[in-house]
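Residues per chain are reported as follows:
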Amino acid sequence: MQHTQLLSTAFAHHQAGRPEQAEPIYRQILAAEPAQPDALHLLGVLCLQSGRGDEAIELLSRALAARPNHADTANHLGAAYGMQKRYDEAVSVLRRAVTAAPQDAGAHYNLGTALRNAGKLDEAVTSFRHAVAANPHAAEAHYNLGNTYRELKKLNEAEISFRHALAARPNYLKAMINLGSLLRDRKQYPESIALLEQAVALAPDHALAHMNLGTVLRDARQFDKALAPLERAVQLNPESAEAHNNLGTALQSLARFDEAGRCYDEALRLDPDLADAHFSRATWRLRNGDLAGGFEEYEWRWKCATFSDRGFPQPRWQGEPLDGRKVLLYGEQGMGDTLHFVRYAENAKRLGGHVIVECHEPLLAVLRGCPWIDELIPFNTPLPQFDTHAPLLSLPGILKLPEGRLWNGPYLTIGGDLVEQWRARLREFEGFRVGICWQGNPNHLFDAQRTVPLSTFEPLARVPGVRLFSLQYGVPVDAAARAEQGVDFEVIDVQAEYDQQRGAFVDAAAVMKNLDLVVTVDTVVAHLAGGLGVPTWVAMSAHPDWRWMLDREDSPWYPSVRLFRQSELDRWDDVFARMASRLTDLASTKP
């Protein structure tokens, strides 16, 4: 039989899905004519399809040597190199395919894939754009262009590409999932949820679709709704460490801490290097009072996408004596976190350091009263020279502080003259003076579990002799504002008299020093009052931040703080009823 006929027979078997019959015929041809380019090419493709990458490379290289400008052979050889993760060689041979067939969308697509795998993202974008220009209906090319843009953090372009992919193929599951995930990152939650619900309906057994839906529902603060899709994701793919971790975070948000801890342990059993799971378990340990283990594991946060290591060339401080060296200690999260942990800069000073603290600009004025800080630098300004550095929230772990050494006395101080000025100013308000704060950071994932309406404080306002003072910065509480919120009790506001040049935190601190009590939700006010040593009550969610731990009314961080915890998640009435009862006793004892 002529080689042409044998080739046709082999190719027919190959196309019909009978490779075991096609392969011997291809080899028969090559035994008679070792350089026969079609047989080399097709047998190379067969090896590629059956996962024999090295053999495919050998055959396709011979085929391309026989026909140097054959685009299909170059394409397949590039794919074989890609299978073996030899990306640079894949790029080289696929450039030949593009040169041989410049209008071939597939050649541009394959080159883009190889470039992306080689980490050459900008070049990959160019190739994918050539692919979609040659074939605007190529859904895969639009999809991978979107993925590449996303890796480059060009989210607008990524969104457009994913939408083009879905326009070309309306039920394109991967594009739905990735667009939904991108919209989640951009906090466009309603459309993200709708897309991912569509993906789940289209593929009810697709674990990733369920996991992403649950994750976006969690981020949208729909914690109850997040649970079912995340549980389903774990059922469908019990080997997914990420699914177990995300289920744990949803359970944690519902105050189901024991179950959450088991999820984190399972996630790390499956993937010991999953940084997000280590971070989750670190906060779980800290919340349960395991300070040593928790702070050690908390260092995994620097490998999480939501944290950015500063990348300083100087070494990290490890708690050793500083002997005059300059140490930079920097805030990394919210202003409350900075106020909470800045106290440990004093330890660096005691170890002989020249202490530089970098922080949020509004905190500068209140931290100037800390004698153990040598230099204060606001964020986004040039840093002075320093020898070593550490993030503020790493200091308890670096210093290996047990619970009994977390507090060393009030560490925030306000000038006596200012305190006296405010004492004179507040003298006209007789009674038991209580400062209140009811709103946290609206951008915090769990703000809805912390913030309360002003009306929630009504039981305190009804206690005989109590006068409420607003510590909620920038929120009006005049009669009109209170009426709009349905509040019919008095809240005194003296914040218009704050000296803005001095900084609002300084005046707020001086006011606090002249109050009998501060009552606040979990926000920066709690840390300012606690650092001053002012008597403070914190209204605490049943899902508390890790620093407030569990099942205790006191705080080892702040001896002057008492915690009033919810008995049931999102139920505040019992918290404020207990506060009102205790406040009644306190107020009655004031002369």
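Preceding this section is the structure that the text describes.
What counts, and where the lines are drawn
Residues numbered from 1 in each chain as written. Predicted model: local features only at pLDDT ≥ 70, side-chain atom pairs only at ≥ 80, totals over all residues. Heavy atoms only, no water. Pairing = 2+ DSSP bridges. Helix = DSSP H or I, 4+ residues; strand = E, 2+ residues; numbered from the N terminus. Axes fitted to C-alpha atoms, helices over the stretch in contact; angles between N-to-C directions. Salt bridge = Lys/Arg side-chain N within 4 Å of Asp/Glu carboxyl O. Buried < 20%, exposed > 50% of the residue type's maximum accessible area, 1.4 Å probe, protein only. Contact = heavy atoms within 4.5 Å. Right-handed = clockwise from strand over helix to strand, strands pointing away. Parallel < 35°, antiparallel > 145°, perpendicular 65-115°, else oblique. Left-handed = near helix turned anticlockwise from the far one by under 90°. Polar contact = N/O pair within 3.5 Å; in protein donor to acceptor, adjacent residues only side chain to side chain. Expected span 1.5 Å × (residues − 1). Disulfide = S-S within 2.5 Å. Phe/Tyr/Trp six-rings, centres within 6.5 Å; stacked < 30°, edge-to-face > 60°. Lys NZ or Arg CZ within 6 Å of the ring centre and 35° of its normal.

Enquirer: Honestly, the sheet that holds strand β4 (residues 388-391) in this entry has me stumped. Any pointers?
Expert: Sheet strands pair by backbone hydrogen bonding; their relative direction is either parallel or antiparallel. One open sheet holds the 4 strands; their spatial order is β3-β2-β1-β4, and the pairing between them is parallel. Two strands bound the open sheet, and with one partner strand each, they are β3 (375-378) and β4. Geometrically, the sheet is characterised by an average inter-axis angle of 20° between neighbouring strands, direction not taken into account.

Enquirer: Would you explain the pattern of salt bridges in this entry?
Expert: Charged atoms that come close allow side chains of opposite charge to pair. Per the stated rule, a full pass over the model turns up 49 salt bridges. One salt bridge connects Lys174 with Glu140, and the closest N-O pair in it is separated by 3.9 Å. Of this pair, Lys174 sits in helix α11 (residues 173-185) while Glu140 sits in helix α9 (residues 139-151), and the two are 34 residues apart along the sequence. Relative accessible area serves as the criterion here: at 40%, Lys174 is assigned to the partly exposed category. Given a relative accessible area of 27%, Glu140 falls into the partly exposed group. Measuring nitrogen to oxygen at the nearest pair gives 3.5 Å for the salt bridge that ties Asp574 to Arg578. Taken as a pair, Asp574 and Arg578 lie in helix α28 (residues 573-588) at a separation of 4 residues, close to a single helical turn. On the basis of relative accessible area, Arg578 is assigned to the partly exposed category, the value being 36%.

Enquirer: Hey, could you run me through the environment of Gly44 in this one?
Expert: As for its placement among the helices and strands, Gly44 is situated in helix α3 (residues 37-49). Residue class for Gly44 comes out buried when judged on its relative accessible area of 0%. Beyond its immediate stretch of four places on either side in the chain, Gly44 contacts Ala56, Leu59 and Leu60.

Enquirer: Looking at this structure, how should I read the pairing of strand β8 (residues 536-540)?
Expert: Burial of β8 is extensive: 5 of the 5 residues sit out of reach of the surface. One ladder, built from 4 bridges, connects strand β7 (residues 517-521) with β8; its direction is parallel. Bridge pairing in β8 places Val519 opposite Trp537. In terms of handedness, the path from β7 via helix α27 (residues 524-532) over to β8 forms a crossover that is right-handed. One ladder, built from 5 bridges, connects β8 with strand β9 (residues 561-565); its direction is parallel. Residue Trp537 lies in a different strand from β9, and its bridge partner there is Arg562.

Enquirer: Mind showing me how you'd approach the sheet that holds β8 here?
Expert: As summarised here, the arrangement of the 5 strands in space is β6-β5-β7-β8-β9, forming an open sheet in which the pairing is parallel. Of all strands in the sheet, those with a lone pairing partner are β6 (466-470) and β9, marking the two edges. The sheet shows a mean angle of 25° between the axes of neighbouring strands, taken without regard to direction.

Enquirer: Help me out: how do you make sense of the packing of helix α23 (residues 416-426) against helix α26 (residues 504-512) in this one?
Expert: Two quantities define a packed helix pair, namely the angle between the helix axes and the distance between the axes. At a minimum axis separation of 8 Å, α23 and α26 run at an interaxial angle of 60°. When the interaxial angle is binned, α23 and α26 end up oblique. For the pair α23 and α26, the crossing hand works out as right-handed. Each of Leu418, Val419, Trp422 and Leu426 in α23 lies in contact with α26, whose residues at this interface are Val506, Asp507, Ala510 and Val511.

Enquirer: Explain the side chain of Asp574 to me, please; I cannot follow it from the model alone.
Expert: For Asp574, a relative accessible area of 14% translates into the label buried. Of note is the side chain of Asp574, whose polar atom sits 2.5 Å from the side chain of Ser567. The contact partners of Asp574, leaving out residues within four places of it in the chain, are Gln566 and Ser567.

Enquirer: I'm lost on helix α12 (residues 189-202) in this one. Help?
Expert: Three or four residues apart is the spacing at which side chains of an α-helix point the same way, because the helix has 3.6 residues per turn. A rise of 1.5 Å per residue sets the reference length of α12, with its 14 residues, at 20 Å; its end C-alpha atoms lie 20 Å apart and thus fit the reference within 8%. Residues of α12 that are buried sit in contact with α10 (155-168), α11 and α13 (207-219).

Enquirer: Before we go on, may I ask you to explain the pairing of strand β2 (residues 354-359) in this structure?
Expert: Put simply, side chains in a regular strand alternate between the two faces of the sheet. Taken across its 6 residues, β2 has 5 buried, putting it largely inside the fold. Here strand β1 (residues 326-330) pairs with β2 via 5 bridges, running parallel. Bridging from a neighbouring strand, Leu329 pairs with Val357 of β2. With 4 bridges joining them, β2 and β3 adopt parallel strand pairing. Bridge pairing in β3 links Cys359 to Pro378.

Enquirer: Can you walk me through the state of the cysteines in this structure?
Expert: Here a disulfide denotes one covalent bond, and it connects the sulfur atoms of two cysteines. All told, the structure shown has 0 disulfides when counted by the stated rule. No disulfide involves Cys370; its sulfur sits 9.7 Å from the nearest other cysteine sulfur, which is in Cys359. For Cys437, which is in no disulfide, the shortest distance to another cysteine sulfur is to Cys359 and amounts to 20 Å. The class for Cys437 is buried, based on a relative accessible area of 2%.

Enquirer: Got a minute to help me understand the environment of Glu497 in this structure?
Expert: With respect to the secondary-structure elements, Glu497 resides in the loop between α25 (479-484) and α26. As for Glu497 and Tyr143, which are separated by 354 residues in sequence, their C-alpha atoms are 57 Å apart. In this structure Glu497 touches Trp422 and Arg425, once residues within four positions along its chain are discounted. Here the side chain of Glu497 touches Arg425 through a polar contact of 2.7 Å, side chain to side chain.

Enquirer: I would appreciate a short explanation of the packing of aromatic side chains in the present structure.
Expert: The relation between two aromatic rings is expressed through the spacing of the ring centres and the mutual angle of the planes. Tallied over the full model, the rule gives 24 aromatic pairs. Ring plane angle 45° and centroid distance 6.0 Å describe the contact between Tyr143 and Phe162, whose orientation is recorded as tilted. With Tyr143 in helix α9 and Phe162 in helix α10, the pair connects residues that are 19 residues apart, well separated along the chain. Side by side, Tyr143 and Phe162 carry an identical accessibility label, which is buried. Positioned above the aromatic ring of Trp300 is the side chain of Lys303, whose terminal nitrogen or guanidinium carbon lies 4.7 Å from the ring centre. One cation-aromatic arrangement involves Arg343 over Tyr558; the distance from NZ or CZ to the ring centre is 4.7 Å.

Enquirer: Help me understand the side chain of Gln449, please; the structure alone is not making it clear to me.
Expert: Residue position: Gln449 is located in the loop between β5 (432-437) and α24 (458-461). Side chain to side chain, Gln449 and His543 meet in a polar contact 2.7 Å long. In contact with Gln449, other than residues within four places in its own chain, are Phe223, Ser253, Ser541, His543, Leu569, Asp570 and Trp572.

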